[in-house]
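Overview (structure and organization)
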There are 4 protein chains.
Amino acid sequence: MGNKFKVGIAGATGYIGSEAMRILSTHPDIELAWVTSESRVGRKVWEDFPNLLGFVRDEFRQFEPELLSEVDAAIMCLPHGGAMETIKQAVDKFPNTKLVDASGDFRSPRLDKWEEYYKTRHTAREYQGKFVYGFTEFNREKIKQAQYVANPGCFATSLNILLAPFAKHGELVGEVCVNAYTGSSGAGNKPVHTTHHPERGQNVRAYKVLEHQHLVEVVPFLEDMNDANEFDLFFVPQSGPWVRGIFATAFIPLDQRHSLATVNEMVRDAYEPENFIHIVEGSPEMRMVQNTNMAHVTYRAQGDMLVGMCALDNLVKGGAGQAVQNLNLMLGLDESTGLMHPAGYV
Amino acid sequence: MGNKFKVGIAGATGYIGSEAMRILSTHPDIELAWVTSESRVGRKVWEDFPNLLGFVRDEFRQFEPELLSEVDAAIMCLPHGGAMETIKQAVDKFPNTKLVDASGDFRSPRLDKWEEYYKTRHTAREYQGKFVYGFTEFNREKIKQAQYVANPGCFATSLNILLAPFAKHGELVGEVCVNAYTGSSGAGNKPVHTTHHPERGQNVRAYKVLEHQHLVEVVPFLEDMNDANEFDLFFVPQSGPWVRGIFATAFIPLDQRHSLATVNEMVRDAYEPENFIHIVEGSPEMRMVQNTNMAHVTYRAQGDMLVGMCALDNLVKGGAGQAVQNLNLMLGLDESTGLMHPAGYV
Amino acid sequence: MGNKFKVGIAGATGYIGSEAMRILSTHPDIELAWVTSESRVGRKVWEDFPNLLGFVRDEFRQFEPELLSEVDAAIMCLPHGGAMETIKQAVDKFPNTKLVDASGDFRSPRLDKWEEYYKTRHTAREYQGKFVYGFTEFNREKIKQAQYVANPGCFATSLNILLAPFAKHGELVGEVCVNAYTGSSGAGNKPVHTTHHPERGQNVRAYKVLEHQHLVEVVPFLEDMNDANEFDLFFVPQSGPWVRGIFATAFIPLDQRHSLATVNEMVRDAYEPENFIHIVEGSPEMRMVQNTNMAHVTYRAQGDMLVGMCALDNLVKGGAGQAVQNLNLMLGLDESTGLMHPAGYV
Amino acid sequence: MGNKFKVGIAGATGYIGSEAMRILSTHPDIELAWVTSESRVGRKVWEDFPNLLGFVRDEFRQFEPELLSEVDAAIMCLPHGGAMETIKQAVDKFPNTKLVDASGDFRSPRLDKWEEYYKTRHTAREYQGKFVYGFTEFNREKIKQAQYVANPGCFATSLNILLAPFAKHGELVGEVCVNAYTGSSGAGNKPVHTTHHPERGQNVRAYKVLEHQHLVEVVPFLEDMNDANEFDLFFVPQSGPWVRGIFATAFIPLDQRHSLATVNEMVRDAYEPENFIHIVEGSPEMRMVQNTNMAHVTYRAQGDMLVGMCALDNLVKGGAGQAVQNLNLMLGLDESTGLMHPAGYV
C-alpha cells in the first residue's frame, strides 16, 4: 500500500461520490484515504452502502479542509453552488493537493451565463480560471498538467462526445438540435416526486426544455474550438424509467462542403484511438455501457442532415468514471487504470 | 345527473384517493360531489392530475365535516391514525351519510394489538364497533346493511382471499406461511428512499418482516370464521420494482382429513360465483389484473402442503376498487357497477 | 343486446387485436360478434387472455370472408402485407360491411414508396383509393362517410398530432427533425431478441433510423395539407424499456412570419375542441395517457425553433383506440363511445 | 501473459457463457484462450457483444474436443442435456484438462430423479461420480482437488446458501417452504413468450411450482449433510420483471432444541469467514449484489419459525462467478481472484 497515491472523496454519499468510492475501492494504484459525509459522520461506510461490504472499511468523516493535507488528490462531490466555497478555501490553504471537482461550479468561463442558468451567485469567480475543463478526450494534455479539473456534467459529456469532433474542425453550423434521455440516478439521491418510483417507473417526460444548465459548459467549450463559425444549440433533456444511462440523439446540419465520408473521417480521427469511446454499427445500446466508463456513438446521414447518437452511463463516463480518468492523468498514471470493466451483455 | 348518488372523496390526492376519483369519474350511478385535499385547496383537479383531464372539472376543497351533509356517502382516504378523529366527528354530526374508510383505523376489533402494530394510540375505540370489515366476498350481507365500512388493507386483501375459503370451514391449522410482493404504489405518494426510483428501480427487499400491521386485521377476521381451530400466521411483506400489483404466495398445511379435492371444492364454493375473484390455471399473472378490481388465484398441493397464490392490484381490489364495490352495496347498487374494466393483455 | 351494432375482430390475438377485444368487451353500443385467430381456433378467449375472464366468453374462430356477412363492421388486425389479400376479397364479396384496417397496407397513396419501405409488393393497388386515412381529428368528416378506413400507425399518429396543426396552414417548412421512443408492445407479440426481456429491460437503442415505414403515410398526409410549401422530415424511431407508450419530440423550424403566439393559436384551434388530444403545461407525461385513448401535447419555442412533444399509448390512441374512435364515427355513434377511460395517476 | 493459465469457454454466447467471458476478460491470472459458439463461428466477439469492445478481440470458434488440449481448464456452458455428450468425450480424450460444467447434467447423484425432473435420459451416468458439486463455501476442499466440478444452478445456489448452515448440523427438520423470485436473464437467451418484454415487463408469475429441477441437486446435497434427520422441501420458483437477481425467502421450522441464538451462531460460523456471502441487517437488497459474485443473507425468527432471505445475482454467484470461483480453486489461485467487484449503490 505504501506507494499508492492517497485520494479522498468529499461528499461520498451522493451518487457520484458513492460511485467514486466504488471505483477507487478496487483501483490498483490509489488508496482511499478518507470519505466524508455531512449526514453520516461516524458510521461505517458498509452500514449505509452494503454494496461495499468487504471493500471499504472506513467510517464517514466530517469534511474539513485539513483533510486535504493528508492526500495527493481529492474528488470533490459537493452540491452545485456549495462546492465553490469549500474549494476556494481548499485551494488557498492546501494548494499542493490536486482536485477534481464533480460539481458544476467551475465548468464554465461564462460566469454571468452560469449565474443565470444555475440561478445563484457565483462567489468564486477568480478561481474559475484555475480549472481545466475535464472532457478528457479533447483536453488530455491540459489535464495532465492541471492542478484543478472541473469534471463535465453527465448530459454535457454526451453532447461533447457527439459534437466535439465537428467543432474541432470548425464545422458546427446552423441549428443543432439534441435531445437526451437520462435515467433516474441523474437526479441525485434526494427523493422527490419526479423520482418517486410510482410516478417514474413507467413514465417519460421532458424538463428544463431548452434551458438546461449543462448548456453553459457545452456551448463555450464547443465554440472555442469551432473557430469563427456560428451555430445554435437547442437541447431538450428528458427522463426515462431506468436507473442508469443517457441516450442522446443529435440532429446536426451538415455543412454543404462535407460528405458523409469526411464526417466519418472526423469521427474516426477523434475516437478510433480512444479506450473509452467506441464507434459502433447500427445503434448504440444503453445496456452495453451501463455501469462502465464506456461511451458508444453512431452517426447516420441523409441529405444534408447528420444524426448522431451516443449512449453512456451518467454516473461513470458522465460522472465518477470520467473523474477517475482525469485523476489518473493528473497523477501521472495510465488514464484507464482501474476503469477497464466491461458491462454485462444483459 | 339528478338521480345519481352524490359521493365525496376526502383525501383525494393520495394514491387510494386519486384512484377513487378515477373510478368514480366514469361511474354511471354516482356523481362525484366534491374532492378534498389539505395541500391543494383551490387548484383544479386536472392541474395536478392530468390523467383526469376531460374527466374531472372540480377544484380541490378543504375538508370540513359539513361537506358530509351534501352527499349520500363518502370515501375517506385520510392517513392512518389521523382518519379516526375526523371520522368520529363525522359520525356524530352527520350520521346519515354512509362512509367507507380506506384507512386502517377501524379494521380491527383488537384495539390493543392495533395500538401495538400501528404504534399510536387509538382515540376512537368506541366507534370501532360501528364498522363492518369490508372484505366484500365474505361479508357481503353485512356490508349491504352497513352505515360504515372499514375497507381492508392491500396485503390484507390478498391474505384474506387466499385463506378465507379454509377458515370458513374451520380448516386453517398449523403454521401458515405467506409472503407477498408489492409494487411501489403501495408505499403511498410521499417520496422516501425506499421508493426513490434509483434505489427501487431494480431492487427487491423485505420489510416489517413478521410484523406488518395488516396482520392485526387479517388474524381476527380469519380466527372468527375458523371456529375453535388454531393456526399461526407468519407474514413477510416484500417490495418489488414495479408500480402496481401484489403477488402473494401462501404455504398452507393441509389438515390430514382433507384431500386436494376437498380443498378445491372449498375454493370453488367460495369464488366461482364471484365477479372479481377468478380461479386460474397454472399461475396467476400480475399483469392480468393490474389497473382492475380483479383478483386471480391458484392452488397447488403436494403431500400435505398446499400452495396458494394470488395476484391483485393493490390500489384497486386492494384499495379504491374494493371501496367502490362496498359503496355500491351500501347504496343498493349492483356491486360491480362502474368496476367492470378488464386489464390490457400487456 | 338486440339493437347493438355487431362487430368482428380479425386477428384478435395480436396486440392491436387483443386491445380491440378489450375495448369492445365493454362498449355500450357494440356487440362483439366474433373474434378470429389463425393459431388458437376453438380455444376460449379467456384461456389465452385471462385478462378477459368474465368479459369475453367466445371462442376464437378461423377467419373466413363469410364472417363479414354476420356483422355491421370489422376491425382487421392482420399482419402488414397479408392484410391486403384478405381485405381485397372481403371488399369484393361483402361490400356492405364497414372495415377499419389496422395494418399498414392501405395507409399511403404513394404505392411505389410503400413497396420500398415495406419491402414487399403491393397486390391490391386499385383498392387503396377506397380507404380514408383514419387520423380522426383531421379527417373526421370523411371518416363519417367512409366505408373503409386505414387506421394510422402508432408512430405516425404521434407525428401527425405534432405536425398536422401547422401543415393545415401550409406552415411546415425547412428541416423537421423528430425522434420518438416507443415501448416494447409496439413490436408486436412475436418474441425476438430486441424484445427479449433481458436484452430490453434496461436498454435504449434506435432502429430503422431515417427509414421507418410510417414516413410513407405521414409525409403524403402532411404534404397534401401543406399547400405548395416544402419540408423535409427526418425521423428517428427509438425503443425504450417500458411496455406501452410513445414519447415523440419534434424540432420544427418556425417560419419567420410566425411568432409563438400564432403557433399557439394554430395548436389551440386544432386541439381545444378535442376529447382525446389535450394541450398540457410543462411536459406531456407518458403515464398520464397509458392504457387510454388520450394524447397529450406541449410546444415550446426559442428563437425560430419550435419544440413539440407528444405522449400517447401506442396500442390505444396509436392503435385499437383510434380504430374504435373511427368505427364509432362510421357507425354514426358518438366518437368517444366506449373510450372515455382515464389513466391511473400511477 | 506467458505464465497465465489458459482457459476456454465452450458455449460462450449463452448468458452464463457471456458472463464468463466478461469475468475472464479482466482476470489477472487467466488468459482467455478460446471461446466457442455454434451459431456465430468466425464472427468477432465484439460484433455480437459490443459490451466487450476493447476487451475481447477473439473470434468465436466451433467447439471440438481438441480445443481442450490447448488449455489448462475450460468452462462448459452447453445446454442441459447436450452438455453430457460433449463432456464425456472431453473427459476421455483430454483427461488433463480441468472442467467446470455450468450445465445441470452432473449436479445430482440421483440419476433417476434427474431424468424425471429434466425429462430426458441421462447418457453419461458413469461420469457423474467424477464431478464434485461446486457449492464453493461448503465444498471448498474437495473442489481444490477436483478435476471436474458441476457448478450449481442459480436457484440451487440461493437454497443452498439459506439451508446449508443448518443441514451441516443435522438441524433441518419438518416442512421447509421456500419461494424465490428470479429476473428474466435466468431464462436464458432464447426469446420466448414468458420473457417477451411486453408480457414480462410488469408481470409476476410462478412456474414449475413444487417441481423445479434444481430440487434434484439441492435435496441430495442437503440430505447428505443433514445426518439421519428428515425434512421436506417445498419450492416455488417465481419470475419478476427485472433482468438480474434472485431473491429467495425460506420458512424454516426451528427444531425446538434451538433458540435464535444458536441459529445465529450456525449462520455466523458458516459465513463470517467468507468473502462472497455476507450476513446483513434488516433485509438483503437485490441491487446490492447485482452484477457481482456476492450473496447477502438475513435470518429472522418468531416462535419456532425461522425466516431466511437471500439475494444474489443469478448469472454471477448463481452462475459464471461461482464457476470462476471454483476454477480459481482448481487452478491453485486465490478463490476471489478476478471476482472482487462491488455493485453500484444504484
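Every value quoted in this text rests on a predicted model; they were computed, and no experiment measured them.

Here's the deal with the packing of helix 1 (residues 15-24) of chain C against helix 11 (residues 316-330) of chain C
Residues and elements named next belong to chain C. Interaxial distance between helix 1 and helix 11 falls to 9 Å at its minimum, and their mutual angle equals 50 degrees. When the axes of helix 1 and helix 11 are compared, the pair comes out oblique. Of the two possible hands of crossing, helix 1 and helix 11 adopt the one that is right-handed. Residues Ile 16, Glu 19, Ala 20, Ile 23 and Leu 24 of helix 1 form the contact with helix 11, whose own contacting residues are Val 316, Gly 319, Ala 320, Gly 321 and Val 324. Its residues placed into classes, the contact of helix 1 with helix 11 shows 7 nonpolar, 2 polar and 1 charged.

Topic: the relation of the copies chain A and chain B
The two chain copies are connected by a rotation around an axis plus a translation along it. Overlaying chain A with chain B gives an RMSD of 0.0 Å, the required rotation being 180 degrees about an axis along which the chain moves by 0.0 Å. Taken together, these values place the two copies in the relation of a two-fold axis. When the interface residues of chain A are mapped onto chain B, 100% of them again fall at the interface, so both copies present the same face.

A word on the interface of chain A and chain B
Listed by partner, the interface residues are 20 residues for chain A and 20 residues for chain B. Interface of chain A and chain B: buried area, both sides summed, is about 1,500 Å²; carbon and sulfur atoms make up 64% of it. Sorting the residues of chain A by area buried against chain B places Pro 191, His 196 and His 197 of chain A first, and these three jointly supply 42% of that buried surface. At the boundary of chain A with chain B, the tally comes to 0 salt bridges.

A few points about the domain arrangement of chain A
Residue and element names in this part refer to chain A. Parsing chain A into structural domains produces domain 1 (5-152 + 317-330) and domain 2 (155-314). Between domain 1 and domain 2, the C-alpha centre-to-centre distance is 24 Å. The interface of domain 1 with domain 2 comprises 27 residues on the first partner and 36 residues on the second. Both sides together, the interface formed by domain 1 and domain 2 hides about 2,400 Å², and carbon and sulfur atoms give 58% of it. Three residues stand out in domain 1 for area buried against domain 2, namely Tyr 117, Phe 138 and Lys 317, and they jointly supply 29% of the buried area on that side. For Glu 19, the salt bridge is made with Arg 244, and the minimal N-O distance between the two is 2.6 Å. Run the count over domain 1 and domain 2 and you get 16 residue pairs in polar contact (both at pLDDT 80 or more). Looking at the side of domain 1 that touches domain 2, the elements that each hand over two or more residues are helix 1 (15-24), helix 4 (111-118), helix 6 (136-145) and helix 11 (316-330). At 6 residues, helix 11 tops the list of elements feeding residues into the side of domain 1 that touches domain 2. Partitioning the side of domain 1 that touches domain 2 into residue classes produces 10 nonpolar, 9 polar and 8 charged.

Criteria and cut-off values
- Residues numbered from 1 in each chain as written.
- Chains lettered and ligands numbered in written order.
- Predicted model: local features only at pLDDT ≥ 70, side-chain atom pairs only at ≥ 80, totals over all residues.
- Heavy atoms only, no water.
- Axes fitted to C-alpha atoms, helices over the stretch in contact; angles between N-to-C directions.
- Helix = DSSP H or I, 4+ residues; strand = E, 2+ residues; numbered from the N terminus.
- Parallel < 35°, antiparallel > 145°, perpendicular 65-115°, else oblique.
- Left-handed = near helix turned anticlockwise from the far one by under 90°.
- Contact = heavy atoms within 4.5 Å.
- Nonpolar A, V, L, I, M, F, W, Y, C, P; charged D, E, K, R; others polar.
- Least-squares fit on C-alpha atoms with pLDDT ≥ 70 in both.
- Buried area = accessible area lost by both parts, 1.4 Å probe.
- Salt bridge = Lys/Arg side-chain N within 4 Å of Asp/Glu carboxyl O.
- Domains from an automatic or database assignment.
- Polar contact = N/O pair within 3.5 Å; in protein donor to acceptor, adjacent residues only side chain to side chain.

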